[in-house]
Amino acid sequence: DHRDLHSFPTRRSSDLRNPFIDAEAPAPPKSKYTVTIANTGQVLEVDPENLAGKRYDGQEGSLLRTLLQAGIDLDHACGGVLACSTCHIYVEQGLDSAPEPIDEEEDMLDLAPALRDSSRLACQCVPDGSVNVVIEMPTWKRNEVSEDH
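Residues numbered from 1 in each chain as written. Predicted model: local features only at pLDDT ≥ 70, side-chain atom pairs only at ≥ 80, totals over all residues. Heavy atoms only, no water.

**Q** Mind showing me how you'd approach the overall build of the chain here?
**A** Along its length, the chain carries two helices and five strands. Starting at the N terminus, the α and β elements of the chain follow one another as β-β-α-β-α-β-β. When burial is assessed residue by residue, the chain has 39% of its 149 residues classed as buried. Long-range pairs, those at least 24 residues apart, make up 68% of the contacts in the chain between residues at least 6 apart in sequence. With the model as given, the accessible surface of the chain reaches about 9300 Å², and the carbon-plus-sulfur share is 47%. (Helix = DSSP H or I, 4+ residues; strand = E, 2+ residues; numbered from the N terminus. Buried < 20%, exposed > 50% of the residue type's maximum accessible area, 1.4 Å probe, protein only. Contact = heavy atoms within 4.5 Å. Areas by Shrake-Rupley, 256 points an atom, 1.4 Å probe, with all protein chains shown as cover.)

**Q** What is the right way to look at the pairing of strand β2 (residues 43-46) in this model?
**A** A regular strand places its side chains so that they alternate between the two faces of the sheet. Burial of the side chains of β2 is restricted to one face: Leu44 and Val46 are buried, whereas none of Val43 and Glu45 on the reverse face is. Inspection of the sheet shows strand β1 (residues 33-37) paired to β2 by four bridges, in the antiparallel sense. Opposite Tyr33, over in β2, you have Val46 as the bridge partner. Linkage of β1 to β2, two consecutive antiparallel strands, is achieved through a turn of five residues, within which Gly41 is found at a positive phi near 80°. (Pairing = 2+ DSSP bridges.)

**Q** What's the story with the state of the cysteines in this structure? I'm lost.
**A** Throughout this description, disulfide means a covalent bond between two cysteine sulfur atoms. According to the stated counting rule, one finds zero disulfides in the structure shown. In this model Cys125 remains outside any disulfide bridge; the closest cysteine sulfur is found in Cys123, 9.7 Å from its own. For Cys125, a relative accessible area of 1% translates into the label buried. (Disulfide = S-S within 2.5 Å.)

Below, the structure written as structure tokens:
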């Protein structure tokens, strides 16, 4: 059975559901807020009005999307679909402004090295905008491969 690719219905990215997650996606932020990256001192302004548009990996409004949209590269080997732990970050301030991690995120965090109480996966952590957020990006890189054996 050969089907023309154009015969499949088109969908907006906001209509797509992550096949790895049973839970509903968290609501995107409702208010403007800032994300400060403790490692570099960079301050990113997040405006809910500017979240739509170009498609980025992770949940809508997630810290991963915020970082990628600002041109900051953060490992996310699975493409932000909650199938790895490479986008592990520490949310040092503002953690309570994001919903609690779902079971699937907790399971993936179990695979991340150097866990802290503030550990989250950037692809799933969606602050609501009620307070400013400070994150730290771990300095290790889990997926680096050395050619020097």
